[in-house]
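# Structural description and commentary
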Amino acid sequence: MMMNKRDFLKISGIVGTGFLLSPQMACKTLKSTATSSAAAWIDPLLSAKGEFMLPALGYTFAALEPHIDAMTMEIHHDKHHVAYIKKLNEGIKAAPSFADKTLGEILANVTKDSPAIRNNAGGHYNHSLFWAILGANASKPEGKLLEAINRDLGSYQQMVDALKDTGTKVFGSGWVWLCVDADKKLFISATPNQDNPLMVNLVEKKGTPLFGIDVWEHAYYLKYTNERKKYLEAIFNVLNWKVIGQRYTDLLS
Ligand code: MN
């Protein structure tokens, strides 16, 4: 039976509860030591298990105007992301080896032989992270994260230029990432489609994403048409560096 979005949200119990609205809070409450990876820190988005649910945005569809338009946000969140979740849940039913695994375990186990899980688990994680690291109030990195950016990527401006350049060069659909590697160093990478740097069987450069920028046409085409570069310039006005900085601080601990 198909659920409409209201039922979906009602069943998931996230309407009005603020669940997943505060990644910082989630980090504190969901931090776990049970992990197969070297890092003790687990991104709270990766701890989700069972029937996967649509996280609330935490701001209105229009909140990122004029940089990202309300209609793009609505379609992106309510149609595209919902579709990834629906197909992920269906895919898991058809592939029992992925049942009862956390999202983090699923991403760490996908291969090219599991395309449906790969695409839709990636789609779910990547978009959940994307909503969490966007926000209306422009800010800049500071503290430990800024120190790491200066140390590993030259400067804030050099990092921005490298992210824009990498994002512009993605052929077709994909994501550009700011990541932390196993030595806690920052690096920038790109992945095709809905892959991400947590898919250790598939990516050249493994790492934990601090944030990703969606460079699929559906992320920008209504406002920017074919001008991905303009979208990549605009998005730096709506990155929530408080959330990104907190992810970095939590990851170091
Ligand atoms: Mn997208």
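Counting of residues starts from 1 at the beginning of each chain's written sequence and follows it residue by residue. Side-chain atom pairs in this predicted model are given and counted only at pLDDT of 80 or more, local residue features only at pLDDT of at least 70, and totals for whole chains, interfaces and linings cover all residues. The basis for every side-chain value is the complete set of heavy atoms in the structure, and neither hydrogens nor water enter the calculation.

### Digging into helix 5 (residues 115-133)
Helix and strand definitions follow DSSP, with helices as H or I runs of at least four residues and strands as E runs of at least two, each counted in order from the N terminus. Here, expected helix span is obtained from the residue count minus one, scaled by 1.5 Å. In this model helix 5 runs 27 Å from its N-terminal to its C-terminal C-alpha over 19 residues, within 8% of the 27 Å that 1.5 Å per residue would give. Any residue under 20% of the maximum accessible area for its type is buried, any over 50% is exposed, and the rest in between are partly exposed; the area is computed with a 1.4 Å probe on protein chains only. Most of helix 5 sits inside the fold, with 16 of its 19 residues counted as buried.

### Focus on the coordination of the manganese ion
In this description, a donor is an N, O or S atom within 2.8 Å of the metal centre, a cutoff extended to 3.2 Å for sodium, potassium and calcium. Water is not part of the atom list, which can make sites seem incomplete. Surrounding the manganese ion are the protein donor atoms His-76 (NE2), His-127 (NE2), Asp-214 (OD) and His-218 (NE2), which sit 1.9 to 2.1 Å from the metal. Spacing between the donor residues of the manganese ion along their common chain follows H-x50-H-x86-D-x3-H. One end of the pair, His-76, is in helix 3 (residues 70-94); the other, His-127, is in helix 5, and 51 residues separate them in sequence. Judged by its relative accessible area of 1%, His-76 falls in the buried class.

### Side note on the side chain of Asp-152
Secondary-structure assignment places Asp-152 in helix 6 (residues 143-153). Residue class for Asp-152 comes out buried when judged on its relative accessible area of 18%. Nitrogen and oxygen atoms within 3.5 Å of one another constitute a polar contact, given that in protein one can donate a hydrogen and the other can accept it, and given that sequence-neighbouring residues count only through two side-chain atoms. Of note is the side chain of Asp-152, whose polar atom sits 2.8 Å from the side chain of Arg-151. For Asp-152, the side chain forms a polar contact with the main-chain nitrogen of Leu-186, separated by 2.9 Å.

### Quick notes on the sheet that holds strand 3 (residues 208-214)
Taking strand neighbours across the sheet as the criterion, the 3 strands line up as 2-1-3 in an open arrangement whose pairing is antiparallel. With one partner strand each, in any of the chains shown, strand 2 (186-192) and strand 3 form the two edges of the open sheet. Taking the axes of each pair of neighbouring strands and ignoring which way they run, one obtains an average angle of 25° across the sheet. In this scheme, strands are said to pair when DSSP sees at least two bridges between them. Bridge count between strand 1 (residues 174-180) and strand 3: 6 bridges; the pairing is antiparallel. Opposite Val-176, over in strand 3, you have Ile-213 as the bridge partner. Only the stretch in contact is used when fitting a helix axis, every axis being a line fitted to C-alpha atoms; angles between N-to-C directions are given from 0 to 180 degrees.

### Focus on the pattern of salt bridges
Salt bridges, as used here, are contacts in which a Lys or Arg side-chain nitrogen is within 4 Å of a carboxyl oxygen on Asp or Glu. Evaluation of the coordinates by the stated rule reveals 6 salt bridges. Of the charged contacts, one joins Arg-151 and Asp-152 as a salt bridge, the two residues approaching to 2.8 Å between their closest N and O atoms. Its relative accessible area of 53% is what places Arg-151 among the exposed residues.

### Re the pairing of strand 1
The buried count for strand 1 comes to 7 of 7 residues, which makes it a mostly enclosed element. Residues of strand 1 alternate between two faces, with Gly-174, Val-176, Leu-178 and Val-180 on one and Trp-175, Trp-177 and Cys-179 on the opposite face, all of them buried. Two strands pair when backbone bridges link them, and strand 1 and strand 2 are joined in this way by 7 bridges, in the antiparallel orientation. Of the residues in strand 2, the one forming a bridge with Trp-175 is Thr-191. Hairpin connection of strand 1 to strand 2: 5 residues between the antiparallel strands, including Lys-184 at a positive phi of 70°.

### Structural notes on a nonpolar patch on the surface
Only residues whose relative accessible area exceeds 30% and that form no salt bridge are eligible for patches; like-charged ones are grouped when within 9 Å, while nonpolar side chains (Val, Leu, Ile, Met, Phe, Trp, Tyr) are grouped when within 5 Å. Areas reported here follow the Shrake-Rupley algorithm with a probe of radius 1.4 Å; residue values treat only the protein chains shown as occluding. There is a patch of nonpolar side chains on the surface, built from Met-71, Ile-75 and Leu-222 and spanning about 300 Å² of accessible area. Residue placement: Leu-222 occurs in helix 8 (residues 221-224).

### Points about the nonpolar core
The nonpolar core is taken to be a set of buried Ala, Val, Leu, Ile, Met, Phe, Trp, Tyr and Cys residues, with the residues joined through side-chain atoms within 4.5 Å. Counting 66 residues, the largest nonpolar core has Leu-134, Leu-186, Tyr-231 and Ile-235 as the members making the most contacts within it. Top contributing element to this core by residue count: helix 5, with 7 residues. Other than its neighbours up to four places away in sequence, Ile-235 contacts Ile-68, Phe-130, Leu-134 and Ile-213. A contact between two residues is defined here by any heavy atoms of the two lying within 4.5 Å.

### Digging into the environment of Gly-122
In this structure, Gly-122 sits in helix 5. Taking the C-alpha atoms as reference, Gly-122 lies 9.9 Å from Pro-197; in sequence the two are 75 residues apart. With residues up to four places along the chain from it excluded, the contact list for Gly-122 reads Leu-107, Ile-117, Gln-194, Asn-196 and Met-199.

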